[in-house]
Amino acid sequence: MESAPLTEQKPKLWDNLLKALFIIGALLLFLFALDLMISSLQHLNKSVAETILQATSNPFTGLFIGLLITAMLQSSSTTTSIVVALVASGSITIENAIPIIMGANVGTTITSTIVSLGFINKKKEFRRAVAAGTYHDFFNILTVIILFPLEYYYGFLSRTSQWIGNYFFTPSTVVTSTKITHFWPDFGPLIEELLEFVPSGWLTLISFVLLFSSILLFRKMISNWMLVRSPDHFSRFFFKNYFKSFLLGTLITSAIRSSTITTSLVVPLVAKKVTTLRKAAPFILGANMGTTITAFIAVALNSNTSGGISIAIAHFLFNFIGVLIFFPIPALRRFPIELAEGLGRLTLRYRLVGLVYLLLNFFFIPFSLIYFNQDTIQTLEIVYVQRDSVETRYHRIISHINQRTQSGEWSTYDGREDSGEQPPLKIYPVSVRNTSLFIGNEMFLFNKPGYCWDGEGVEGKYNACIEKIESQVKLQNGLSFDSVYVCRLHYSDQFSRDSTTQLFYLSAPLKIIVKREVLNSHGQKLFAEEVVSLQSK
């Protein structure tokens, strides 16, 4: 009589152990796929890198890319993991990545909306299903409406996330040739072998398939473990208390790594009156917070990259600020609920409203924003000649600057001509704020002659002053630039008597460096660099 329970307990224990091993295997597959994606992205040719940069230079395009990819894959976890890989590999800057993250948050809501439309033939349940399915939409859309302009005009999320990230990591210019630190010691040799024999484009595609598959596998196993058999018990346990509901939504979504499942699960429960939308709303908000764990898992793979941790923080901040706005204050908490319930009532009267809402929200409006903002990006190709006592060499900069936000990036390449296959050596985030020009971690000011400031660059600490403003500067090759600020940077080594001075000639209209000279302590020229070609693309 006593042996029967023991024989039943062993298979159950073995099944749980087997499931745990499968989950660990899925997590390792996720990390390997992400590692492979970051490494392969670093080896993509110049044309692919330029296409990515060009597409994401327009924030509205980036927003739509995130929305569309997530809507098609029905997984914001995959999209955010790819974005982390792109930032970590230096393929895009944090400023360009944040709109994609915002779009992914909106795109992931399409699943619950589609689930709600499945109740269209059940009149009594249809209104409640649409309200539950679109609440997640309205929450994320309202958060985008608030935060996207702040990021677009002021760089709110990108600056804040980098400021927080700099407490944990030393800020640095994004260098695409930096060797990746592999999460698992055995990943490195295998990935390096693959990079040697398999084209990087194919490896990127393979890594994407593995990444998506690992997330689906992980999600399926965790979901089966947490399968709910009693909706009434589910309602009593999960939706009785606002804060408990929020916390459980966060924890479950963190475990599953999918807000799609947790939010879609709420739709039939609300439709069948197991719970109300007002009680389920905190659970959905918690699910929105829980989905940010994927980005942090992704940066654990490449934690030496400050850009990776910054984009993970930005993803968290986007969702966290949205929760702070729409959760604590009852009046604001009701606002997205009333919008969702209003759409539910309207959809009940006119069944096509649901389809029109999907098309407007996920396709027509994003395409319209891209169309009306397609001319905001200025692209320049600048060729520099560098001369020192030993040799003469050339390098190119491709500049993508948003004319409205005055921000973008410079991609640097070796040589004078476009080789077509050469990946960028470095990508510098560039922005203009009032009279300040930021290039990577260096700052230049457009101010009156005699104005000075202190700073720290790659070569150490310096003192900078505006020496003069030239109405026109003519270069040796015949190019001329108007309104050029001459900035003198003095570097001094406190442990020696040696010091160097750099003269920067900055074009105020174009916001570029047109000429640079390096002088020793005796005033002798050690190095010179100037523009030899400038083309608008």
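Residues numbered from 1 in each chain as written. Predicted model: local features only at pLDDT ≥ 70, side-chain atom pairs only at ≥ 80, totals over all residues. Heavy atoms only, no water.

S.K.: Give me the pattern of salt bridges: which residues, what numbers.
M.R.: Tallying each qualifying case throughout the model produces ten salt bridges. With a shortest N-O distance of 3.1 Å, R396 and E381 are connected by a salt bridge. Here R396, found in strand β3 (residues 392-402), pairs with E381, found in strand β2 (residues 377-388); they are 15 residues apart in sequence, far enough to count as distant. With a closest N to O distance of 3.1 Å, K468 and E470 form a salt bridge. Take K468: its relative accessible area is 36%, and that puts it in the partly exposed class. (Salt bridge = Lys/Arg side-chain N within 4 Å of Asp/Glu carboxyl O. Helix = DSSP H or I, 4+ residues; strand = E, 2+ residues; numbered from the N terminus. Buried < 20%, exposed > 50% of the residue type's maximum accessible area, 1.4 Å probe, protein only.)

S.K.: An account of a positive patch on the surface is needed here, citing residue identities and associated values.
M.R.: Among the surface-exposed residues, K124, R127, K273 and R345 lie close enough to one another that they form a single positively charged patch. By secondary structure assignment, the location of K273 is in the loop between α13 (259-271) and α14 (277-290). (Patch = residues over 30% accessible without salt bridge, like charges linked within 9 Å, V, L, I, M, F, W, Y side chains within 5 Å. Areas by Shrake-Rupley, 256 points an atom, 1.4 Å probe, with all protein chains shown as cover. Lys, Arg positive; Asp, Glu negative; His and termini not counted. Charge placed at Lys NZ, Arg CZ, Asp CG, Glu CD.)

S.K.: Please provide a residue-by-residue account of the packing of helix α17 (residues 330-349) against helix α18 (residues 352-372), values included.
M.R.: At a minimum axis distance of 7 Å, the contact between α17 and α18 shows a crossing angle of 125 degrees. Viewed along their axes, α17 and α18 adopt a mutual orientation that is oblique. On α18, the residues touching L343, L346 and T347 of α17 are V353, G354 and Y357. (Axes fitted to C-alpha atoms, helices over the stretch in contact; angles between N-to-C directions. Parallel < 35°, antiparallel > 145°, perpendicular 65-115°, else oblique. Contact = heavy atoms within 4.5 Å.)

S.K.: Give a description of the side chain of S507 that names residues and reports values.
M.R.: Secondary-structure assignment places S507 in strand β11 (residues 499-507). Looking at S507, its side chain comes within polar contact range of the main-chain nitrogen of L510, at 3.3 Å. Excluding residues that lie within four positions of it along the chain, S507 makes contacts with F446, D482, S483, I512 and V514. (Polar contact = N/O pair within 3.5 Å; in protein donor to acceptor, adjacent residues only side chain to side chain.)

S.K.: Which residues make up α14, and what values do they have?
M.R.: The end-to-end C-alpha distance of α14 is 19 Å, a good match for the 20 Å that 14 residues give at a rise of 1.5 Å each. Counted residue by residue, α14 has twelve buried out of 14 residues, so it is predominantly covered. Along α14, the residues classified as buried are L277, A280, A281, P282, F283, I284, L285, G286, A287, N288, M289 and G290. (Expected span 1.5 Å × (residues − 1).)

S.K.: Tell me about the state of the cysteines, residues and numbers included.
M.R.: Following the criterion strictly, the structure yields one disulfide and no others. Unpaired in this structure, C487 has its nearest cysteine sulfur neighbour in C465, at a distance of 7.8 Å. (Disulfide = S-S within 2.5 Å.)

S.K.: Describe a nonpolar patch on the surface, listing the residues and the values that go with them.
M.R.: Nonpolar side chains collect at one region of the surface, where L352, L355, V356, L359, L360, F363, F364, I365, F367 and L369 lie side by side and expose about 940 Å² of accessible area between them. Here L360 shows up in helix α18.

S.K.: Account for unusual backbone geometry, naming residues and giving values.
M.R.: Its identity as a non-glycine residue notwithstanding, S483 has a phi of 50 degrees, on the positive side. Note on placement: S483 falls in strand β10 (residues 480-492). Accessibility expressed as a relative area gives 28% for S483, which makes it partly exposed.

S.K.: Just give me the short version of the packing of aromatic side chains, but keep the residues and values in it.
M.R.: Going through the model one piece at a time under the given rule, you end up with twelve aromatic pairs. On the numbers, 4.9 Å between centres and 55 degrees between planes, the contact of F444 with F504 is tilted. Here F504 lies in strand β11 and F444 lies in strand β7 (residues 442-445), a separation of 60 residues in the sequence. With respect to burial, F444 and F504 carry one shared label: buried. Relative to W453, the ring of Y451 has its centre 6.4 Å away and its plane inclined at 35 degrees; by these criteria the two rings are tilted. (Phe/Tyr/Trp six-rings, centres within 6.5 Å; stacked < 30°, edge-to-face > 60°.)

S.K.: Now, about the environment of N402: what can you tell me, with residues and values included?
M.R.: Within the secondary structure, N402 sits in strand β3. According to the relative accessible area criterion, N402 is buried, its value standing at 1%. With 250 residues separating them along the chain, N402 and Y152 place their C-alpha atoms 9.8 Å apart. Not counting residues within four places of it along the chain, the set of residues in contact with N402 comprises S57, P59, Y152, T376, I377 and S407.

S.K.: With reference to specific residues and values, describe helix α5 (residues 94-107).
M.R.: Its 14 residues give α5 an end-to-end C-alpha distance of 20 Å, which sits within 8% of 20 Å, the value for a rise of 1.5 Å per residue. Burial analysis of α5 places 13 of its 14 residues in the buried class, which makes it a mostly covered element.

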